[in-house]
Amino acid sequence: MTAEVRPLAATDLDLLAGLHRDCFPHDPWNRRALAEVLAMPGAGGWLIAEAGESALGFLLVRRAADEAEILSFGVAPAHRREGLGGRLLETALAALAAQGAARLFLEVAIDNAAARRLYERLGFLQVGRRAGYLSAPDGPRDALVLARRLGP
Ligand SMILES: CC(C)(COP(=O)(O)OP(=O)(O)OC[C@H]1O[C@@H](n2cnc3c(N)ncnc32)[C@H](O)[C@@H]1OP(=O)(O)O)[C@@H](O)C(=O)NCCC(=O)NCCS
């Protein structure tokens, strides 16, 4: 079955909460937390889902003027390495550029090899490092701050 990327809708909170729990079992954002995140000015996101609403991945962003940041991003464990994360990220890059964002920022744990490889492939460069900034089951991790120019 073909998975399609589509903008998040207000009715997606339950789907999104289930997916977030599967992707970040040590730090899941529940329905209420996700509703608060999505209520922030400039916040939005996309789901990649199959017909019948089996959600496979999500990406949440926030845009303020010409800068944007990825707030959270994940693909269901059983569907990783199928190109879905790349499709979500490319959708976000194109949409944010069309909305006038010039740079997209994100934070990634230093030992998150899969995500770092994906971001590198899509042209993100390191612009900072925050010591002990991200939580992991066995203790804090340094976060790398990455950024990518958008648009022409
Ligand atoms: C990071 C994540 C979203 C990637 O999603 P995905 O759908 O598996 O990614 P894709 O299949 O589109 O991979 C695209 C490229 O990223 C890189 N990549 C992805 N997973 C990788 C892995 N496990 N090891 C090495 N490289 C990997 C590869 O270059 C890959 O291209 P290739 O398969 O042609 O070699 C997914 O691993 C995930 O949900 N991880 C847990 C949550 C998380 O870490 N989110 C990001 C927080 S910053």
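Definitions and limits used
Residues numbered from 1 in each chain as written. Predicted model: local features only at pLDDT ≥ 70, side-chain atom pairs only at ≥ 80, totals over all residues. Heavy atoms only, no water. Helix = DSSP H or I, 4+ residues; strand = E, 2+ residues; numbered from the N terminus. Buried < 20%, exposed > 50% of the residue type's maximum accessible area, 1.4 Å probe, protein only. Pairing = 2+ DSSP bridges. Phe/Tyr/Trp six-rings, centres within 6.5 Å; stacked < 30°, edge-to-face > 60°. Lys NZ or Arg CZ within 6 Å of the ring centre and 35° of its normal. Axes fitted to C-alpha atoms, helices over the stretch in contact; angles between N-to-C directions. Contact = heavy atoms within 4.5 Å. Near = heavy atom within 4 Å. Polar contact = N/O pair within 3.5 Å; in protein donor to acceptor, adjacent residues only side chain to side chain. Areas by Shrake-Rupley, 256 points an atom, 1.4 Å probe, with all protein chains shown as cover. Nonpolar A, V, L, I, M, F, W, Y, C, P; charged D, E, K, R; others polar.

Observations regarding unusual backbone geometry
Negative phi is the rule for most residues except glycine; trans is the rule for most peptide bonds. Backbone geometry places A65, a non-glycine residue, at a positive phi of 55°. Note that A65 resides in the loop between β3 (54-64) and β4 (67-75). A positive phi is found at R81, a non-glycine position, where the angle reads about 65°. By secondary structure assignment, the location of R81 is in the loop between β4 and α3 (84-98). Given the relative accessible area of 81%, R81 is considered exposed.

Description of the pairing of strand β2 (residues 43-50)
Across the eight residues of β2, seven count as buried, placing the element largely inside the fold. Here strand β1 (residues 3-7) pairs with β2 via five bridges, running antiparallel. Counted as the bridge partner of A3 is E50 from β2. Sheet analysis places β2 next to β3, joined by eight bridges and oriented antiparallel. Considered in β3, the bridge of A49 is made with A55.

Things to note about the packing of aromatic side chains
On inspection of all chains with the given rule, the structure shows two aromatic pairs. Measuring from centroid to centroid gives 6.3 Å for F73 and Y119, while their planes differ by 45°, and the two rings are tilted. In this pair, F73 is assigned in strand β4 and Y119 in helix α4 (residues 113-121), connecting sequence segments 46 residues apart. Residue Y119 is classed as buried on the basis of its relative accessible area of 6%. Both rings, one in Y119 and one in F124, keep their centres 5.5 Å apart while their planes meet at 65°; by these two values the pair is edge-to-face. Here the guanidinium or amino end of R130 rests over the ring plane of Y133, the centre of that ring lying 5.2 Å away.

What to know about the sheet that holds strand β5 (residues 103-109)
On the basis of which strands lie adjacent, the open sheet formed by seven strands has the order β1-β2-β3-β4-β5-β7-β6 and mixed pairing. Only two strands of the sheet have a single partner each, and these edge strands are β1 and β6 (125-134). Between one strand axis and the next, the sheet turns through 25° on average, direction left out of account. Running at roughly 95° to β3, helix α1 (residues 13-23) makes contact with β1, β2, β3 and β4 of the sheet.

What to know about the site of the ligand
Taken together, 20 residues are adjacent to the ligand, and F73, R81, G83, N112 and R121 come closest. Between R81 and the ligand, the recorded distance is 2.7 Å, taken from a backbone N or O atom to an oxygen atom. One nitrogen or oxygen atom from the main chain of G86 is found 2.8 Å from an oxygen atom belonging to the ligand. Protein coverage of the free-state accessible area of the ligand, which is 910 Å², stands at 78%. Of all the secondary-structure elements, those providing two or more residues to the shell around the ligand are β4, α3, β5 and α4. Looking at the shell around the ligand element by element, the count peaks at six residues for α4. Residues belonging to the shell around the ligand are distributed by class as follows: nine nonpolar, five polar and six charged.

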